[in-house]
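Residues per chain, in single letters:
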Protein chains: 2
Amino acid sequence: MKKRVTIQDLAKELNTTPSTVSRALRDLPGISEAMKEAVRELAKKYDYQPNAIASGLRSGKSNTLGVIVPRVNRDFFSSVISGIEDVVFEAGYNVIICQTHDRLEKEQQYINTLLNGRVDGILVSLGLETREHCHFEKVVEAGISLIFFDRVCEEMDVTKIMIDDFDGSFKAVSHLVKMGYNRIAHFGGPDFLNVYRNRKDGYIRALEKSNLKIDERIIIQNDLTVEAGKRDAERLMKMDNPPDAIFSASDYSALGALLYLKEKTYEIPDQIGVVGFSNEKFTSLIDPGLTSVDQHSDELGKYCAELFLEEVNRGAGNFVPRKIILNPKLLIRRSSQRKVKI
Amino acid sequence: MKKRVTIQDLAKELNTTPSTVSRALRDLPGISEAMKEAVRELAKKYDYQPNAIASGLRSGKSNTLGVIVPRVNRDFFSSVISGIEDVVFEAGYNVIICQTHDRLEKEQQYINTLLNGRVDGILVSLGLETREHCHFEKVVEAGISLIFFDRVCEEMDVTKIMIDDFDGSFKAVSHLVKMGYNRIAHFGGPDFLNVYRNRKDGYIRALEKSNLKIDERIIIQNDLTVEAGKRDAERLMKMDNPPDAIFSASDYSALGALLYLKEKTYEIPDQIGVVGFSNEKFTSLIDPGLTSVDQHSDELGKYCAELFLEEVNRGAGNFVPRKIILNPKLLIRRSSQRKVKI
DNA sequence: ATGAAAGCGCTAACAT
DNA sequence: ATGTTAGCGCTTTCAT
């Protein structure tokens, strides 16, 4: 194992001092070109690797960013992380990932280790268990930039970025109406989560605007899995007055419905239309393609990263916390494009 | 912004010295229980957060691990990362993620920043462009534990962990043969990557073992995308003597084939069987379900993390580099289960 | 059982 | 344009 060469070693060999070498390496003014050149050359010769830890200790900056999510292996989160990483890498930051598995305790532990590691910022998407936020208060008190994305903590006065779930639903359902469907069912999630509440509200508002009747019997709350989708699609289709379209708050239960309907040889989209939410990768891969609401996960990550960079560059306190709401995009695929219109 | 309390502050308030406090906090022997208790209490009172950077500088350990992958938002890699993160978190390590987008230059840059950051280990899955490895030599020279997973660098004498691609292919093709298919085509990737070479070899060996003819015309190398799968499935089916099954080294090109075949109303699996590789999430969601080879991504990540922990605990040099090959599992779904056997 | 002192490698304030 | 000095917060000898 080679001994690592330090700034002092370089200084000694050049008969100068560590500070000069340090300044030369960072190309600061007040050092002659000749010296800078000599330093750079020697650094290269010895393959000098600056010690980021030492530099971090001295400067109080670790050039590191923590990202806390429920799980990294989900299309949405991994895309957000990918977007974040791409942006901050260019600015010289490293990304530490933390997955909470939706557990409050892990969320708290991660906050502590990130604080101990003196990260320059923390980006968080909340876990399902999180109802309190004193662990996040500590981040703010430490003067570290804190940003929430997607699953945000409404009570905290920090920057948040999310998509407009209401608008996504509204667009999806309006599209179905335009395609001539007029008895549209809804699969939703638990009402205590704002995402699902907003998606349901968007659905209702779109129906109201089109003067369509809201029928509670075809508004179904389930756990949004493929199986739930199958089961509830069956339930719907066996009603006296079955729907002619299903709008699901999740691609997975939409898929379940789609699979059930295909099995029963319903014509999709002509007999019945299906729309999902999230634009999971598989939606474009199945047959027929599933119309879905895209959450711009990659852009969300990039935007989030840019907000972080802006905050650190301005310094804590010189930045007005903001709430940013991205408009989702409806991706119209075959599952909802009925040829026979009204 | 609150001033951070240091070990010195605690020492002063207790009329003792930093070293005593440090030892007490780490529960080292040679400190009275009374003192330890007092220190812990005060630390709690002030919510003392140890400065990991300072500790890292002094001890030469950052308790951080770098993971370099081509892309984080792919089912396989994100699952591996998830597995790694779960294991090392328990051991007190942070995970820095790095995505190369298959670019050699980024791979080299990441190696440098990780070395600068004095990480305790680096886990890598190679990018497509990587043909040289001097950037990895630097890691070994620095005495930092280096482990390759999945896409490994054969030339380097370090620990590698991968799945047995040959075996996966062999199982997949043997299964097709057992199902009565006897003219099996193959979609493969670039030969210079161990994974694709091995998958092709396994395919050939399985055919040989069943005394089936190897026909170079139905062994196709493409870029393994959905589009390539569609295009090449079309090409195959338009041959004078088309195959009755397709084994693809990637789920994506298998899907492309499947979509093309369905469009042309071929009966799957009765007329033609399709098998993919990787067990991407969508394979179980489409219709018919796509038979695929599961790579145990989560376990691979966990195993990888355990190897890393073992290496750091033993210290560089006290560890024999090894090659670990996990047996993949064939997940048989409908796309290959022909009812009419030989 | 505790303290004193040195230093990890770098940066920044203050000289010259 | 360069050098001197001090110190970031912790850990680790070596004393006592």
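Rules and cut-offs
- Residues numbered from 1 in each chain as written.
- Chains lettered and ligands numbered in written order.
- Predicted model: local features only at pLDDT ≥ 70, side-chain atom pairs only at ≥ 80, totals over all residues.
- Heavy atoms only, no water.
- Near = heavy atom within 4 Å.
- Polar contact = N/O pair within 3.5 Å; in protein donor to acceptor, adjacent residues only side chain to side chain.
- Helix = DSSP H or I, 4+ residues; strand = E, 2+ residues; numbered from the N terminus.
- Nonpolar A, V, L, I, M, F, W, Y, C, P; charged D, E, K, R; others polar.
- Core = buried A, V, L, I, M, F, W, Y, C linked by side-chain atoms within 4.5 Å.
- Buried < 20%, exposed > 50% of the residue type's maximum accessible area, 1.4 Å probe, protein only.
- Contact = heavy atoms within 4.5 Å.
- Pairing = 2+ DSSP bridges.
- Right-handed = clockwise from strand over helix to strand, strands pointing away.
- Domains from an automatic or database assignment.
- Axes fitted to C-alpha atoms, helices over the stretch in contact; angles between N-to-C directions.
- Least-squares fit on C-alpha atoms with pLDDT ≥ 70 in both.

Asks: How should the protein's contact with DNA strand C be read in this particular structure?
Replies: Around DNA strand C, 25 residues are found, and the nearest of them are S22(A), Y48(A), R58(A), T16(B) and R58(B). Sugar and phosphate atoms form 64% of the subset of DNA strand C atoms that lie within 4 Å of the protein. Take I7(A): an N or O atom from its main chain is 2.6 Å from a phosphate oxygen of DNA strand C. Between R23(B) and DNA strand C, the recorded distance is 2.9 Å, taken from a side-chain N or O atom to a base oxygen. At the level of secondary structure, the elements contributing two or more residues to the surface near DNA strand C comprise α1 (7–13), α2 (18–25) and α4 (52–59) of chain A together with α2 (18–25) and α4 (52–59) of chain B. By residue class, the composition of the surface near DNA strand C is seven nonpolar, 13 polar and five charged.

Asks: Could you clarify how one ought to interpret the protein's contact with DNA strand D in this entry?
Replies: As a structural note, the neighbourhood of DNA strand D is formed by 25 residues, with T16(A), I7(B), S22(B), Y48(B) and R58(B) the closest of them. For DNA strand D, the fraction of protein-proximal atoms (within 4 Å) that sit in sugar or phosphate groups is 60%. Take N51(B): an N or O atom from its main chain is 3.4 Å from a phosphate oxygen of DNA strand D. R58(B) places a polar side-chain atom, nitrogen or oxygen, 2.2 Å from a base oxygen of DNA strand D. Elements with a contribution of two residues or more to the surface near DNA strand D: α2 and α4 of chain A together with α1 (7–13), α2 and α4 of chain B. Split into classes, the residues belonging to the surface near DNA strand D amount to seven nonpolar, 13 polar and five charged.

Asks: Would you explain the nonpolar core in this entry?
Replies: Soluble globular proteins: nonpolar side chains tend toward being buried together. Of all hydrophobic cores here, the largest spans 140 residues; its most connected members are F149(A), I184(A), F149(B) and I184(B). With eight residues, helix α11 (residues 251–263) of chain B is the single largest residue contributor to this core. Beyond its immediate sequence surroundings of up to four residues, I184(A) is in contact with V173(A), L176(A), V177(A), Y203(A), L207(A), I218(A), D244(A), A245(A) and F247(A). Ranked by size, the runner-up nonpolar core spans 46 residues in total, among them I111(A), M162(A), V124(B) and F136(B).

Asks: What is the right way to look at the pairing of strand β6 (residues 184–188) of chain A in this model?
Replies: Looking down a regular strand, the side chains alternate between one sheet face and the other. Residue and element names in this part refer to chain A. Of all five residues in β6, five are buried; the element is thus mostly enclosed. Because side chains alternate across β6, one face comprises the buried residues I184, H186 and G188, and the other comprises A185 and F187, equally buried. In this sheet, strand β7 (residues 219–221) lies alongside β6 in parallel orientation, the contact comprising three bridges. Bridge pairing links G188 to Q221 in β7. The handedness of the β6 to β7 crossover, carried by helix α9 (residues 194–209), is right-handed.

Asks: Would you take a moment to explain the domain arrangement of chain A for this structure?
Replies: How big an interface is tends to be expressed through the accessible area that disappears when the partners come together. By domain assignment, chain A separates into domain 1 (7–50), domain 2 (61–163 + 297–326) and domain 3 (165–295 + 330–336). Once you take the C-alpha centre of each, domain 1 of chain A and domain 2 of chain A turn out to be 36 Å apart.

Asks: It is not clear to me how the environment of V67(A) should be interpreted in this structure. Could you clarify?
Replies: All names here are of chain A. Relative to the elements of secondary structure, V67 occurs in strand β1 (residues 64–69). Distance in space between the C-alpha atoms of V67 and G301 is 10 Å, their sequence separation being 234 residues. Sequence-distant contacts of V67, defined by excluding residues within four places in its chain, comprise I81, I84, V95, I96, I97, C98, L123 and F149.

Asks: For this particular structure, what's the right way to read the sheet that holds strand β1 (residues 64–69) of chain B?
Replies: Where strands meet in a sheet, backbone hydrogen bonds hold them as pairs that are either parallel or antiparallel. One open sheet holds the 12 strands; their spatial order is β11(A)-β5(A)-β4(A)-β3(A)-β1(A)-β2(A)-β2(B)-β1(B)-β3(B)-β4(B)-β5(B)-β11(B), and the pairing between them is mixed. Pairing within the sheet leaves two strands with one partner each, and these edge strands are β11 (323–326) of chain A together with β11 (323–326) of chain B. Pairwise comparison of adjacent strand axes, ignoring direction, gives a mean angle of 20 degrees for this sheet. Here strand β3 (residues 121–124) of chain A pairs with strand β4 (residues 145–149) of chain A via four bridges, running parallel.

Asks: Just to check I follow, could you spell out the relation of the copies chain B and chain A for this structure?
Replies: Between chain B and chain A, the superposition needs a rotation of 180 degrees and an axial shift of 0.5 Å, giving an RMSD of 0.9 Å. This pairing of chains is accounted for by a two-fold axis. Residue I96(B) of chain B places its C-alpha closer to the rotation axis than any other residue of that unit, at 2.1 Å. Taken together, the interface assignments show that 100% of the residues at the interface of chain B recur at the interface of chain A, consistent with an identical surface on both copies.

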